[in-house]
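Chain by chain, the residues:
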Amino acid sequence: MDIAPIPLLTDNYGYLLIGPCGRRAAIVDCAEVGPVLAETERRGVTLEAILSTHHHYDHVGGNEELARAVPGIRVLGSRADRTRVPALTEALADEEEFEIVGVRGRALFIPAHTSGHLAYFFAGEGPSVFSGDTLFAAGCGRLFEGSPEEMMRSLSKLAALPDSTRIYFGHEYTEKNLAFAHELEPGNPDIAGKLARVRRLRAEGRATTPTTVAEEKLTNPFLRWNSEELRTNVRRRFPDLPNDPIAVFAKTRELKDQY
Ligand SMILES: [Zn+2]
């Protein structure tokens, strides 16, 4: 399966998935239709499905229009969001398997940014996952409809995928996320190194997606609640904070909200 990021709106990514035959395609998170149809035409592929990660407008804003433009298109989304994902035709539960563009995938229920959020995982050679607004490179989504513990469980589910899994995320926030991570762990060479690489990429106007599970374990403050340096730095700012993972995670998320 080929995967092509399509920049949408201000800093969103949709992802065009092209099956092994080279002609069948699907789009993960259709925020707007124009750029998606332009890319499918340019590549000479036929769209057969939309995969929606969650109901926010900047992820599903193009669903209705694309469903009208491509009659019979399948629209996959979370069972928990079946009233919120426009034009939905297939509501998936946690761990439910599906087939698109000739490839088998699996839905992973990862609530907290929203209560119905799904990721889409594709195993096999070069595994990949589409994490929407739950996990970004060096970041995580805001807690609109879930608790810190719920977000920790959802992020842990993604981190438990094979280390080589490529993570395709919903927004280009990587540079700012890494600058924040660097403040919490100035002594972490993986964060410092990736921040330098990402600054070069962004200066050239290039995308930072995808990242990998292995890289996120080393650089993402929202998977690093056990890092001594991160804990010390967060608790230095908030001396009364209990020294437990949930408290450290929740405070890290609060600090990021204000960053
Ligand atoms: Zn969102």
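These numbers come from a predicted model, not from an experiment. (Residues numbered from 1 in each chain as written. Predicted model: local features only at pLDDT ≥ 70, side-chain atom pairs only at ≥ 80, totals over all residues. Heavy atoms only, no water.)

## Comments concerning the overall build of the protein chain
Within the protein chain one finds nine helices and 14 strands. Taking 18 Å as the expected radius of gyration for a compact globule of 259 residues, we find that the protein chain reaches 18 Å, a close match to that expectation. When the backbone C-alpha atoms are referred to their principal axes, the protein chain occupies close to 60 × 40 × 30 Å. Expressed as a percentage of its 259 residues, the buried residues of the protein chain come to 52%. For the protein chain, contacts bridging at least 24 residues in sequence account for 59% of all contacts bridging at least 6. Within the structure as shown, the protein chain displays about 11,000 Å² of accessible surface, and the carbon and sulfur contribution to it stands at 49%. One finds the centroid of the 31 positive side-chain charges in the protein chain at a distance of 2 Å from the centroid of its 37 negative side-chain charges. (Helix = DSSP H or I, 4+ residues; strand = E, 2+ residues; numbered from the N terminus. Rg over C-alpha atoms; globule rule 2.2 N^0.38 Å. Buried < 20%, exposed > 50% of the residue type's maximum accessible area, 1.4 Å probe, protein only. Contact = heavy atoms within 4.5 Å. Areas by Shrake-Rupley, 256 points an atom, 1.4 Å probe, with all protein chains shown as cover. Lys, Arg positive; Asp, Glu negative; His and termini not counted. Charge placed at Lys NZ, Arg CZ, Asp CG, Glu CD.)

## Comments concerning the nonpolar core
Grouped together as the largest cluster of nonpolar side chains are 28 residues, with contacts concentrated most on Leu108, Val129, Leu155, Leu158, Leu161 and Phe249. Only strand E9 (118-122), helix H4 (148-159), helix H5 (174-184), helix H8 (228-237) and helix H9 (245-257) provide two or more residues apiece to this core. Element by element, the count of residues in this core is highest for H4, at five residues. With 22 residues, the next largest nonpolar core counts Leu76, Val101, Ala107 and Leu118 among its residues. (Core = buried A, V, L, I, M, F, W, Y, C linked by side-chain atoms within 4.5 Å.)

## A few points about H9
Spanning 13 residues, H9 covers 18 Å between terminal C-alpha atoms, matching the ideal 18 Å at 1.5 Å per step. Turning to H9, its buried residues number three or more, namely Ala247, Val248, Phe249, Lys251, Thr252, Arg253, Leu255 and Lys256. The inward-facing, buried residues of H9 abut strand E12 (139-140), H4, H5 and H8. The backbone nitrogen of Ile246 has a side-chain oxygen 3.0 Å away, supplied by the residue at the start of H9, namely Asp244. (Expected span 1.5 Å × (residues − 1). Polar contact = N/O pair within 3.5 Å; in protein donor to acceptor, adjacent residues only side chain to side chain.)

## A closer look at the pattern of salt bridges
Under the counting rule described, the total for this entry stands at 21 salt bridges. A salt bridge links Glu48 to Arg24; the shortest N-O distance between them is 2.9 Å. Pair noted here: Glu48 is in strand E4 (residues 46-51) and Arg24 is in strand E3 (residues 24-28), with a separation of 24 residues, a long-range link. Residue Arg24 is classed as partly exposed on the basis of its relative accessible area, which comes to 32%. (Salt bridge = Lys/Arg side-chain N within 4 Å of Asp/Glu carboxyl O.)

## Quick word on the sheet that holds strand E6 (residues 90-92)
Pairing between the strands of a sheet comes from backbone hydrogen bonds, and it takes one of two forms, parallel or antiparallel. Strand order in this open sheet of six strands is E1-E2-E3-E4-E5-E6, and the pairing throughout is mixed. Each edge of the sheet is formed by a strand with only one pairing partner; in this case those strands are strand E1 (2-8) and E6. Ignoring strand direction, the axes of neighbouring strands in this sheet form an average angle of 25°. Where E3 lies against E4, five bridges are found, and the strand directions are parallel. In the sheet register, Ala26 faces E4, and the bridge partner there is Ala49. Docked against the sheet, helix H1 (residues 34-43) engages E1, strand E2 (12-18), E3 and E4, running at close to 145° with respect to E1. (Pairing = 2+ DSSP bridges. Axes fitted to C-alpha atoms, helices over the stretch in contact; angles between N-to-C directions.)

## Some words on the side chain of Arg253
Position of Arg253 among the secondary structure elements: in helix H9. When neighbours within four sequence positions are excluded, Arg253 is seen to be in contact with Cys140, Gly141, Arg142, Leu143 and Phe222.

## As for the packing of aromatic side chains
Evaluation of the coordinates by the stated rule reveals twelve aromatic pairs. Summarising the aromatic geometry, the rings of Phe136 and Tyr173 are spaced 5.0 Å apart at their centres and angled 70° between planes, so their arrangement reads as edge-to-face. Here Tyr173 lies in the loop between strand E13 (166-169) and H5 and Phe136 lies in strand E11 (residues 135-136), a separation of 37 residues in the sequence. Residue classification places Phe136 among the buried positions, given a relative accessible area of 4%. Look at Tyr173 and you get partly exposed, because its relative accessible area is 32%. (Phe/Tyr/Trp six-rings, centres within 6.5 Å; stacked < 30°, edge-to-face > 60°.)

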